[in-house]
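Structure assessment
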Amino acid sequence: MSVLVGQKAPHFEAAAIVNGTDAVTNFSLAQYLGKQYVLFFFYPADFSAVCPTEILAFQELADEFAQRNVAVVGCSGDSHFVHQRWLSTPVKEGGIQGVKYPLVADPAKTIMQNYGIMAGDYLYNESGEVAFQGPAMAYRASFLIDKEGIVRHQVVNDLPLSRSTEETLRMIDALQHFEQYGEACPINWHRGDKGIG
């Protein structure tokens, strides 16, 4: 597990589905540098039980993220073909139709390894051979990246533990409050509260 806070977000170029339908082969977070904040989040798998609740919840908050100038980008170890099929499946049938933000494909698991959020690891077995042990998927991880490409907040949850959209927005607000006013945000701070300067 890696702590990336204070460091440049690891660079990647990968296939992704954008706008819910369009496949691109060279998607990168670099397109947001100097322009937008990024909420880059990982989820375990397409066509699963808990993951669509998170993905749809982030989509429902699209206006909130837009008001804060935040681009939302999701990523899992599924291929972009699987992403595309899931995005075209109606919600009542277990799909995520209507989601517009990009979903990055990481079937080689290199992005999740570079971000240090792989559930499982390569270990030596009894025969001395390297073998992967674990589910070979991403933990539920979120990275808040500023306009300069620096990771300012990260949270990593185990597979059965979902994240909080309220806390995600609160952390974005806290970062932007600090950047605007130079004030630290004490415990349970919310937008509109006084900071400590």
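Parameters and conventions
Residues numbered from 1 in each chain as written. Predicted model: local features only at pLDDT ≥ 70, side-chain atom pairs only at ≥ 80, totals over all residues. Heavy atoms only, no water. UniProt positions renumbered as here; feature names shortened; annotations may be inferred. Helix = DSSP H or I, 4+ residues; strand = E, 2+ residues; numbered from the N terminus. Rg over C-alpha atoms; globule rule 2.2 N^0.38 Å. Buried < 20%, exposed > 50% of the residue type's maximum accessible area, 1.4 Å probe, protein only. Areas by Shrake-Rupley, 256 points an atom, 1.4 Å probe, with all protein chains shown as cover. Lys, Arg positive; Asp, Glu negative; His and termini not counted. Charge placed at Lys NZ, Arg CZ, Asp CG, Glu CD. Pairing = 2+ DSSP bridges. Axes fitted to C-alpha atoms, helices over the stretch in contact; angles between N-to-C directions. Contact = heavy atoms within 4.5 Å.

- Per an unreviewed UniProt entry, the chain goes by Thioredoxin peroxidase and derives from Candidatus Rikenella faecigallinarum.
- The UniProt entry for the chain carries the following text under Sequence similarities (unreviewed entry): "Belongs to the peroxiredoxin family. AhpC/Prx1 subfamily."
- Checking UniProt for the chain, the heading Function (unreviewed entry) contains the comment "Thiol-specific peroxidase that catalyzes the reduction of hydrogen peroxide and organic hydroperoxides to water and alcohols, respectively. Plays a role in cell protection against oxidative stress by detoxifying peroxides."

**Observations concerning the overall build of the chain**
- Tallying secondary structure elements over the chain gives five helices and nine strands in all.
- Ordered by position from the N terminus, the helices and strands of the chain form the series β-β-β-α-α-β-α-β-α-β-β-β-β-α.
- Relative to the globule expectation of 16 Å for 197 residues, the C-alpha radius of gyration of the chain, 17 Å, shows essentially globular dimensions.
- Taken along its principal axes, the extent of the C-alpha atoms in the chain is 55 × 40 × 30 Å.
- Here the chain holds 197 residues, and the buried ones make up 47% of them.
- For the chain, the exposed surface amounts to about 10,100 Å²; the carbon and sulfur share of it is 52%.
- The average position of the 14 basic charges and that of the 22 acidic charges among the side chains of the chain differ by 6 Å.

**With respect to the pairing of strand β8 (residues 140-145)**
- Among the six residues in β8, six count as buried, and that is most of the element.
- Alternating residues of β8 divide into Arg140, Ser142 and Leu144 and Ala141, Phe143 and Ile145, and every residue in both groups is buried.
- Two strands pair when backbone bridges link them, and strand β3 (residues 37-42) and β8 are joined in this way by five bridges, in the antiparallel orientation. Pairing of Phe40 across the sheet is with Phe143, part of β8.
- With six bridges connecting them, β8 and strand β9 (residues 151-157) associate as antiparallel partners. Residue Phe143 lies in a different strand from β9, and its bridge partner there is Gln154.

**Details of the sheet that holds β8**
- The seven strands lie next to each other as β2-β1-β5-β4-β3-β8-β9, forming an open sheet whose pairing is mixed. Of all strands in the sheet, those bounded by a partner on one side alone are β2 (22-27) and β9. Taken pair by pair, the neighbouring strands of this sheet meet at an average axis angle of 20 degrees, ignoring direction.
- Across the face of the sheet, helix α1 (residues 51-60) comes into contact with β3, β4 (70-76) and β8 while running at roughly 165 degrees to β3.

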